[in-house]
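# Per-entry structural report
The primary structure of each chain is shown beneath.
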Amino acid sequence: MGVCPSAIMSLLRDNFTGVLHPWARPEVLTCTSWGAPIIWDGTFNPDIAQQVAGQQNLTIGLTVFAVGRYLEKYLARFLESAEQHFMVGQHVVYYVFTERPAAVPQVALGRGRRLRVERVVQERRWQDVSMARMRTLHAALGGRLGREAHFVFCMDVDQHFSNAFGPETLADSVAQLHAWHYRWPRWFLPYERDVRSAAALSRSEGDFYYHAAVFGGSVAALRRLTAHCTRGLQRDRALGLEARWHDESHLNKFFWLHKPAKVLSPEFCWSPEIGWRPEVHRPRLLWAPKEYALVRD
Ligand code: UDP
Ligand code: MN
């Protein structure tokens, strides 16, 4: 499939010259139609990416919500594995959002890495906890998080890192290909289809189906993303609507309207339940099994 010269252009824009080798994976799509790189294992040089990021003295934020039973079940492993694999060698600030700050596990942090805990109110329904993240993130990005981080990743807690997730993933806006949906034609993707919803996409719209468990970018870009999604969620609620996949539906609408500058292959957030796939070389994040009976009411 595709190697495209504009991948090189976006590379230059990113200030990451020499990081990408899109031709290294001829069997997968390594560039979008709008010229953004889709990064697969082998298409980037992690050492150069780390060097370039180091020279820029970046601070990278990682936000995660752990509300209700998700805290005990997932947070420790998420953070401990992030210490092993997330942006090692860079300055990192974790932001944990929870209704019970005192219950956040003590995790030994490496040099240049900090953890901040922010209190949120616990919404009653799990769908509301998930959707409320957009509004909370928007506020945090406008506050201390936005002042201390250059780039931020926003992630689900029900997963853990299994391999290096480094600065090769950074760009102005970053979207994650959904592991279950990257092979489907777009008319088949689970976008919101109700035209009354702010998240609606028609059968002829949509580039990829993106996973809300991982998105990132610069503070300014994420302010725009979270503002857009918060507005859409509020508008839908006022009409008595709830998009099919909640905040993820609105995120997909946003990335249809405002194309991501970089796309992460499903290797970056993989579901082991899918089984073996030849194109998935080295998963970076692995989903936890969906034990909804244990964590949801
Ligand atoms: N979440 C939480 N408590 C809840 C529901 C959700 O902390 O009661 C957070 C948590 O970070 C979780 C994310 O919201 O990973 C999204 O929810 P979930 O992972 O259950 O959604 P799914 O991945 O199944 O779509
Ligand atoms: Mn999840």
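Above this note sits the structure.
A few points on the structure.

What counts and what doesn't
- Residues numbered from 1 in each chain as written.
- Chains lettered and ligands numbered in written order.
- Predicted model: local features only at pLDDT ≥ 70, side-chain atom pairs only at ≥ 80, totals over all residues.
- Heavy atoms only, no water.
- Phe/Tyr/Trp six-rings, centres within 6.5 Å; stacked < 30°, edge-to-face > 60°.
- Helix = DSSP H or I, 4+ residues; strand = E, 2+ residues; numbered from the N terminus.
- Buried < 20%, exposed > 50% of the residue type's maximum accessible area, 1.4 Å probe, protein only.
- Salt bridge = Lys/Arg side-chain N within 4 Å of Asp/Glu carboxyl O.
- Donors = N, O, S within 2.8 Å, 3.2 Å for Na, K, Ca; no water.
- Pairing = 2+ DSSP bridges.
- Contact = heavy atoms within 4.5 Å.
- Axes fitted to C-alpha atoms, helices over the stretch in contact; angles between N-to-C directions.

Before going further, it helps to spend a moment on the packing of aromatic side chains. Aromatic ring pairs are reported here in terms of the distance separating the ring centres and the angle at which the planes meet. Within the structure shown, the criterion is met by 20 aromatic pairs. Between Phe 86 and Phe 153 the ring centres are 6.3 Å apart and the planes differ by 90°, which places this aromatic pair in the edge-to-face class. One end of the pair, Phe 86, is in the loop between α3 (70-85) and β3 (91-98); the other, Phe 153, is in strand β5 (residues 151-155), and 67 residues separate them in sequence. Relative accessible area serves as the criterion here: at 0%, Phe 86 is assigned to the buried category. Ring geometry for Phe 153 against Phe 165: centres 5.2 Å apart, planes inclined by 90°, an arrangement best described as edge-to-face. With Phe 153 in strand β5 and Phe 165 in the loop between β6 (159-161) and β7 (173-177), this pair connects stretches of sequence that are 12 residues apart.

This part is about the pattern of salt bridges. Throughout the structure, instances matching the rule amount to 21 salt bridges. Of the charged contacts in the structure, one is a salt bridge between Arg 133 and Asp 156, with a shortest N-O distance of 2.7 Å. Taken together, the residues span a long stretch of sequence, with Arg 133 in helix α4 (residues 126-141) and Asp 156 in the loop between β5 and β6 at a distance of 23 residues. Both residues of the pair, Arg 133 and Asp 156, count as buried. Among the ionic contacts, a cluster of salt bridges with common partners joins Arg 125, Asp 128, Arg 237 and Glu 242.

Our next topic: the coordination of the manganese ion (ligand 2). Donor atoms from the polypeptide that bind the manganese ion (ligand 2) are Asp 156 (OD), Asp 158 (OD) and Asp 158 (OD), placed at 2.1 to 2.6 Å. A relative accessible area of 10% places Asp 158 in the buried class.

We now examine the sheet that holds strand β9 (residues 262-264). Spatially, 8 strands are ordered β1-β9-β7-β8-β5-β2-β3-β4 in an open sheet, and the strand pairing comes out mixed. Both outer strands of the open sheet, β1 (38-39) and β4 (113-119), are each paired with one neighbouring strand and no more. As judged from the 7 bridges shared by strand β2 (residues 59-65) and β3, these two strands associate in the parallel manner. Residue pairing in the sheet places Phe 65 in a bridge with Phe 97 of β3. Each of β2, β3, β5 and β8 (210-218) touches α4; the most contacted strand, β2, lies at about 150° to it.

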